[in-house]
2 protein chains.
Amino acid sequence: MAKHDNEEPWVTDDPRGAKSGKRATINDVARVARVSKKTVSRVINQSPFVKGDTRERVEKAIAELGFTPDPQARGLAFRRSFLVGLIYDNPSPTYVVNMQQGVLDALKGSGLELVVHPCNRNSETLIDDIRGFIERQRLFGVIMPPSMSEDERVIALLRELDCPYVRIASVSLDEPGSMVVTNDHLGAAEAARRLADLGHTRIGLVRGPALFRSSTVRGGGFREALAERGVPLNPDYEIEGAYTFESGVEAGHALLSMPNPPTAIFTLNDDMAIGVMQAARERGLELPRDLSVVGFDDLPMASRVWPNLTSVRLPIRDMGRMAAEKLLAPMRGLDPAKLDQPEVRPSLVVRKSDIPAT
Amino acid sequence: MAKHDNEEPWVTDDPRGAKSGKRATINDVARVARVSKKTVSRVINQSPFVKGDTRERVEKAIAELGFTPDPQARGLAFRRSFLVGLIYDNPSPTYVVNMQQGVLDALKGSGLELVVHPCNRNSETLIDDIRGFIERQRLFGVIMPPSMSEDERVIALLRELDCPYVRIASVSLDEPGSMVVTNDHLGAAEAARRLADLGHTRIGLVRGPALFRSSTVRGGGFREALAERGVPLNPDYEIEGAYTFESGVEAGHALLSMPNPPTAIFTLNDDMAIGVMQAARERGLELPRDLSVVGFDDLPMASRVWPNLTSVRLPIRDMGRMAAEKLLAPMRGLDPAKLDQPEVRPSLVVRKSDIPAT
DNA sequence: CTGAAAGCGCTTACAG
DNA sequence: CTGAAAGCGCTTACAG
């Protein structure tokens, strides 16, 4: 006789809970598999010291009962939770969301969850705040994108608390096992080659704040690649911005009001590129006819502004995934330093904002 | 004699840990305060059944030892974790990040943490996935912005699992205690009044997908307010888009290729507004001279495109905060339905994309 | 290779 | 108003 649908789902005879309605525990599994809970624990934790058929019996019971170990109980016993913290101060929503997504890609199926922790690097309570967060939650590990990844006070704290971490940055700041290095240098170099190939010789550069590593690295890559093409960068055409739209507007006016203004401008992020475009427009220039602009980041906005902005794209989501994989490596018996991960390769997305010099 | 800085921080005599280096536990507090751990527990959980001076002794000991209860241990005993889940499928990074920030604003100091859980509403495994997430983590509660908040399958699941939740939506879908209603209706009405005041009579409307509540609500608010001003909306000028840039481009071409095209277009989100602008430009129109455009969302992009886009802004961060406060209310002995929360008021941010009809 | 005991740091259920 | 015992669901440390 076929079993009809349960009308009272809370009175169930399905094998998931010995006592209906409650989740199966390690004790239920032990009873069904006729072993001690310690042996079940060994199977959960993939101990090699379990005989083949014992393991099979336990695995069968686990499947039958739909058992999943309780992370809180496990965490309490392990003195370490199953939570990964993402600590960041990056103001770009697109960056943050892509990074979160990448970390989640890697965490999927691992039983770990992602706890987000945005913060302000200039806050006086930053360190105490992070200390409280990590100590209280006994985090499994922490991932930090720039510019948090560049804060050595936080790194010292993490080491003191013995909390595993992976840093994402444009230069190698740590041992390979706890670093994902993003090739910003190469990305800026591609932008330089593009502008040189288009025949530009008077080229402006709008950098970011000097204390951001990315600014130094991107600026360096741009300058070097330009020099290789025999197009030296005129220092007068270099301006330090703040990585904001407004600072881009300002830098744009400064560059375009020069007696012999640049015919192309590379900005070290998209917000400033769009600021430069705004300045050009305010000065009555037509784009891209009177000025080529290239940005960095490839924000969604880049393909929406008019003319569509040529920009350097970094695989943010992949970077997040790679960082999380390094964090998980020890759990999987792997060496994070030797993980077979592809290099982070930036790519230049060519659109409509850059044209040949006239 | 002044104590010099510790050279060996792991051998410390600071009072934080009875045994140096280890965090203080409830037992340490009980010993110092000369009470049972149960009494300490009562103080932590704000039980009213503790005598005044006993409470003070315990609180002093807690402060002295820098004690914070371990959320994992507490969670295990409570059968409920101290994690709030944010479950969403919203594709806008700005929306997501602002919402997260608002939730975190409210969570600050509560000891709760935010676990993010983006998902795909069309996935076949959606329900099983969410079930696993909630059961495994024994979430304290869940917050769902649109369109997740509109999925009744998930709501049924949440009820079955007895997991508290708060929904954010443009209409009231639930009891007041578990709803934050965003006044999209009013926002769209303001846009309508603005265009009517500018003298436009041939007005286009680009809606979102019909199954999004926000599209129905915003569309309704726009239509009604327009009618009140005596400017009925020509049904031929209404088009359903997909809330994407591309669908905005398409809708823009459709509307602008009509024999007697609209002089103003309202789109129910910014991505489509910018798409309409792109279409206008592709057709050789000059903006805003030949076409006024108003959007909804006020993305960062809105103030970057040229001409700067007039748009309806919703206080996303406040909405996230309010939702989290409702979730926390019971913990604070409050009734979430009677929380003294300000109404969610949209505002029209007027910029440069809308001008008087000629 | 397997298990019985004790413990992780809290709370519930029960007494008094 | 307060506390001793048992328990939440796991793991560690120790035996065998």
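Up top is the structure these notes are about.
Owing to the predicted nature of the structure, the values given are computational and were not obtained by experimental measurement.

1. Overview of the relation of the copies chain B and chain A
Next, step 1: Note on the copies: chain B fits chain A at an RMSD of 0.0 Å, the axial shift is 0.0 Å, and the rotation between them is 180°. Look at the turn and shift together and you get a two-fold axis relating the two. For chain B, the smallest separation between a C-alpha atom and the rotation axis is recorded for B:Val115, amounting to 2.3 Å.
Next, step 2: Of the interface residues in chain B, 98% have counterparts in chain A that sit at the interface too, so the contact is made through matching surfaces.

2. Some thoughts on empty space enclosed by the protein
Next, step 1: Summed over all chains, the structure comprises 3 cavities of 30 Å³ or more.
Next, step 2: In this model, the largest cavity occupies a volume close to 140 Å³.
Next, step 3: Looking at the largest cavity, the residues that line it are A:Pro71, A:Gln72, A:Ser81, A:Phe82, A:Leu83, A:Gln137, B:Pro71, B:Gln72, B:Ser81, B:Phe82, B:Leu83 and B:Gln137.
Next, step 4: For the lining of the largest cavity, the secondary-structure elements that each account for two or more residues are α4 (71-78) of chain A together with α4 (71-78) of chain B.

3. Overview of the protein's contact with DNA strand C
Next, step 1: Close to DNA strand C lie 28 residues, the nearest being A:Thr39, A:Thr54, B:Lys38, B:Ser41 and B:Asn45.
Next, step 2: By atom count, sugar and phosphate contribute 63% of the portion of DNA strand C lying within 4 Å of the protein.
Next, step 3: Note that a phosphate oxygen of DNA strand C is positioned 2.6 Å from one of the side-chain N or O atoms of A:Thr39.
Next, step 4: Between a base nitrogen of DNA strand C and a main-chain N or O atom of B:Ala73, the distance comes to 3.4 Å.
Next, step 5: Broken down by secondary-structure element, the contributors of at least two residues to the surface near DNA strand C are α2 (37-44) and α4 of chain A together with α2 (37-44) and α4 of chain B.
Next, step 6: Partitioned by chemical class, the residues of the surface near DNA strand C number 13 nonpolar, 7 polar and 8 charged.

4. Some details on the interface of chain B and chain A
Next, step 1: If you look at the interface, chain B gives 44 residues, while chain A gives 44 residues.
Next, step 2: Carbon and sulfur atoms make up 58% of the area that chain B and chain A hide from each other, which totals about 4000 Å².
Next, step 3: Looking only at chain B, the three residues that lose the most surface to chain A are B:Gln72, B:Arg304 and B:Trp306, adding up to 19% of its buried area.
Next, step 4: Put simply, chain B and chain A have 6 salt bridges between them.
Next, step 5: For the salt bridge of A:Glu113 with B:Arg136, the shortest nitrogen-to-oxygen distance reads 3.4 Å.
Next, step 6: The tally of links from chain B across to chain A stands at 10 residue pairs in polar contact (both at pLDDT 80 or more).

5. With respect to the packing of aromatic side chains
Next, step 1: Evaluated as defined, the whole model comprises 6 aromatic pairs over all chains.
Next, step 2: Considering the side-chain rings of B:Phe212 and B:Tyr243, the 5.6 Å spacing of their centres and the 85° angle between planes classify their relative orientation as edge-to-face. In this pair, B:Phe212 is assigned in the loop between β6 (203-207) and α9 (213-228) and B:Tyr243 in the loop between β7 (238-240) and α10 (245-256), connecting sequence segments 31 residues apart.
Next, step 3: By relative accessible area, B:Phe212 is classed as partly exposed at 27%.
Next, step 4: B:Tyr243 gets classed as buried once you look at its relative accessible area, which sits at 15%.
Next, step 5: The residue whose ring lies beneath A:Arg218 is A:Phe296, and the NZ or CZ to ring-centre distance is 3.7 Å.

6. Re the packing of α4(A) against α4(B)
Next, step 1: It is the contact of α4(A) with α4(B), at a shortest axis distance of 9 Å, that shows an interaxial angle of 140°. In this view, α4(A) runs oblique relative to α4(B), as classed from their interaxial angle. Between α4(A) and α4(B) lies a crossing of left-handed hand. Here A:Pro71, A:Gln72, A:Ala73, A:Gly75 and A:Leu76 of α4(A) come into contact with α4(B), specifically with B:Pro71, B:Gln72, B:Ala73, B:Gly75 and B:Leu76.
Next, step 2: For the contact of α4(A) with α4(B), the per-class residue count stands at 6 nonpolar, 4 polar and no charged.

What counts, and where the lines are drawn
Residues numbered from 1 in each chain as written. Chains lettered and ligands numbered in written order. Predicted model: local features only at pLDDT ≥ 70, side-chain atom pairs only at ≥ 80, totals over all residues. Heavy atoms only, no water. Least-squares fit on C-alpha atoms with pLDDT ≥ 70 in both. Contact = heavy atoms within 4.5 Å. 1 Å grid on protein atoms, 1.4 Å probe; cavity = no way out; pocket = protein on both sides within 12 Å on 5 of 7 lines; lining within 4 Å. Points joined across faces, edges and corners; volume = space filled by probe spheres on them. Helix = DSSP H or I, 4+ residues; strand = E, 2+ residues; numbered from the N terminus. Near = heavy atom within 4 Å. Polar contact = N/O pair within 3.5 Å; in protein donor to acceptor, adjacent residues only side chain to side chain. Nonpolar A, V, L, I, M, F, W, Y, C, P; charged D, E, K, R; others polar. Buried area = accessible area lost by both parts, 1.4 Å probe. Salt bridge = Lys/Arg side-chain N within 4 Å of Asp/Glu carboxyl O. Phe/Tyr/Trp six-rings, centres within 6.5 Å; stacked < 30°, edge-to-face > 60°. Buried < 20%, exposed > 50% of the residue type's maximum accessible area, 1.4 Å probe, protein only. Lys NZ or Arg CZ within 6 Å of the ring centre and 35° of its normal. Axes fitted to C-alpha atoms, helices over the stretch in contact; angles between N-to-C directions. Parallel < 35°, antiparallel > 145°, perpendicular 65-115°, else oblique. Left-handed = near helix turned anticlockwise from the far one by under 90°.

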